[in-house]
Amino acid sequence: MNKFNKFSLIIPCFNEEKTLRECVERVIDLDFYGMDLELVIIDDFSTDTSFEIGQKLSSEYNNVQVFRHDKNYGKGAAIRTALGKINGDIIGIQDADLEYDPLDLVKLVKPIIDGKADVSLGSRYLTTERRRVLYFWHSLANKFLTILSNMVTDLNLTDMETCYKVFTKEALEGIDIEENRFGFEPEIISKIAAKKMKVFEMGISYEGRTFDEGKKIGARDALQAILCIVKYG
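Residues numbered from 1 in each chain as written. Predicted model: local features only at pLDDT ≥ 70, side-chain atom pairs only at ≥ 80, totals over all residues. Heavy atoms only, no water.

## Considerations on the overall build of the chain
- Counting secondary structure elements, the chain contains eight helices and seven strands.
- By the compact-globule yardstick of 17 Å for 233 residues, the chain fits well, its C-alpha radius of gyration being 16 Å.
- For the chain, the spread of C-alpha atoms along the principal axes amounts to about 45 × 45 × 35 Å.
- Split into buried and exposed, the 233 residues of the chain put 52% on the buried side.
- When contacts within the chain are restricted to residue pairs at least 6 apart in sequence, those whose partners lie at least 24 apart make up 80%.
- Side-chain charges of the chain comprise 31 positive and 38 negative groups, with the mean position of each set lying 3 Å from the other. (Helix = DSSP H or I, 4+ residues; strand = E, 2+ residues; numbered from the N terminus. Rg over C-alpha atoms; globule rule 2.2 N^0.38 Å. Buried < 20%, exposed > 50% of the residue type's maximum accessible area, 1.4 Å probe, protein only. Contact = heavy atoms within 4.5 Å. Lys, Arg positive; Asp, Glu negative; His and termini not counted. Charge placed at Lys NZ, Arg CZ, Asp CG, Glu CD.)

Spelled out as structure tokens, the structure:
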């Protein structure tokens, strides 16, 4: 029997007017093992129509909320804001850009539902699913950061920088998110590792974007990730 009643999904959003509606509607169409679904969109001061789309979605669906930052702070700040708005038993993260397939969230929730995991992570490298072939050096940087993170956390992850992270409410208790940008990823992994949580990793599909198509993470974020791995490790 499923002891979890509500799944809260955080959707950080910055200038994703092309995909936000489809992202939300694809999630709403899914069944998360009978749990109530709560979606919280945090618009990080988009300069396109993302916030207006979020408002429209909120008016159409009673389980969708949207909030807007007063300036562009970054993904970590958006997640920190969302954590103060949700009350789910299980909490997940879904980027609004649809590089990740919402269908994989159902798979990631399962180890938690089964009582096997406190944290369930999606891996773009531990997978037999479809994966768009893109930048070699970007992929190499991801793998390097994962190895560096593993060295200080003593976890054996294959994809520390993955967007798809699902947690029990208890796993996040007592954790304060300090990083505003993509440093959130190594920070949360380090803090989860310190709590000795049961962590599972599962292969997911990935349809990454090029920088021309709107990809936002860059070399500066890789450097910041290294600093965060050292800081929180």
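Text resumes after the structure shown.
## Notes on the sheet that holds strand β4 (residues 90–93)
- With respect to topology, seven strands assemble into an open sheet ordered β3-β2-β1-β4-β6-β5-β7, the strand pairing being mixed. Only two strands of the sheet have a single partner each, and these edge strands are β3 (64–68) and β7 (199–203). Between one strand axis and the next, the sheet turns through 20° on average, direction left out of account.
- As defined by bridge partners, strand β5 (residues 119–123) adjoins β7 across five bridges and the pair is classed as parallel. Residue pairing across strands places glycine 122 opposite methionine 202, the latter belonging to β7.
- Across the sheet, helix α2 (residues 50–60) touches β1 (6–13), β2 (36–43) and β3, and the angle it forms with β3 is around 150°. (Pairing = 2+ DSSP bridges. Axes fitted to C-alpha atoms, helices over the stretch in contact; angles between N-to-C directions.)

## A short note on the pairing of β4
- Of the two faces of β4, both are covered, the one formed by Ile90 and Gly92 as well as the one formed by Ile91 and Ile93.
- Bridge count for β4 against strand β6 (residues 165–168) is three bridges, and the pairing is antiparallel. Bridge pairing in β6 links isoleucine 90 to threonine 168.

## Examining unusual backbone geometry
- Positive phi, normally seen in glycine, also occurs at tyrosine 33, with a value near 55°.
- In this structure, tyrosine 33 sits in the loop between α1 (20–28) and β2.
- Despite not being glycine, lysine 196 shows a phi value in the positive range, around 60°.
- For lysine 196, the location among the structural elements is in the loop between α7 (184–194) and β7.

## Regarding a nonpolar patch on the surface
- A surface patch of nonpolar side chains, about 390 Å² in accessible area, is lined by Phe136, Trp137 and Leu140.
- Within the fold, phenylalanine 136 resides in helix α5 (residues 136–153). (Patch = residues over 30% accessible without salt bridge, like charges linked within 9 Å, V, L, I, M, F, W, Y side chains within 5 Å. Areas by Shrake-Rupley, 256 points an atom, 1.4 Å probe, with all protein chains shown as cover. Salt bridge = Lys/Arg side-chain N within 4 Å of Asp/Glu carboxyl O.)

## Quick notes on the packing of aromatic side chains
- This structure, assessed with the given rule, holds four aromatic pairs.
- Centroid distance phenylalanine 7 to phenylalanine 32: 4.7 Å. Interplanar angle 50°. Geometry classified as tilted. Of the two residues, phenylalanine 7 is situated in strand β1 and phenylalanine 32 in the loop between α1 and β2; the sequence distance between them amounts to 25 residues. Each member of the pair phenylalanine 7 and phenylalanine 32 is classed as buried.
- Taken together, a centroid distance of 4.9 Å and an interplanar angle of 75° make the contact between phenylalanine 136 and tryptophan 137 edge-to-face. (Phe/Tyr/Trp six-rings, centres within 6.5 Å; stacked < 30°, edge-to-face > 60°.)

## Quick look at the packing of α1 against α2
- Packing of α1 against α2 brings their axes to within 9 Å, and their N-to-C directions diverge by 30°. Overall, the two elements α1 and α2 adopt an arrangement that is roughly parallel. For α1 against α2, the interelement crossing comes out right-handed. Residues Leu20, Arg21, Val24 and Glu25 of α1 touch α2, and the partners they reach there are Ser50, Ile53, Gly54, Lys56, Leu57 and Glu60.
- Grouping the amino acids of the contact of α1 with α2 by side-chain chemistry returns four nonpolar, two polar and four charged. (Parallel < 35°, antiparallel > 145°, perpendicular 65-115°, else oblique. Left-handed = near helix turned anticlockwise from the far one by under 90°. Nonpolar A, V, L, I, M, F, W, Y, C, P; charged D, E, K, R; others polar.)

## Concerning the side chain of lysine 165
- Checked against the element boundaries, lysine 165 lands in strand β6.
- Within the structure, lysine 165 has its side chain in polar contact with the backbone oxygen of methionine 160 (distance 3.1 Å).
- Side-chain polar atoms of lysine 165 contact the backbone oxygen of threonine 162, separated by 2.4 Å.
- Excluding residues within four positions of it along the chain, lysine 165 makes contact with Ile91, Gly92, Ile93, Ser120, Leu121, Met160, Glu185, Ile188 and Ile189. (Polar contact = N/O pair within 3.5 Å; in protein donor to acceptor, adjacent residues only side chain to side chain.)

These figures capture arrangement, not role.
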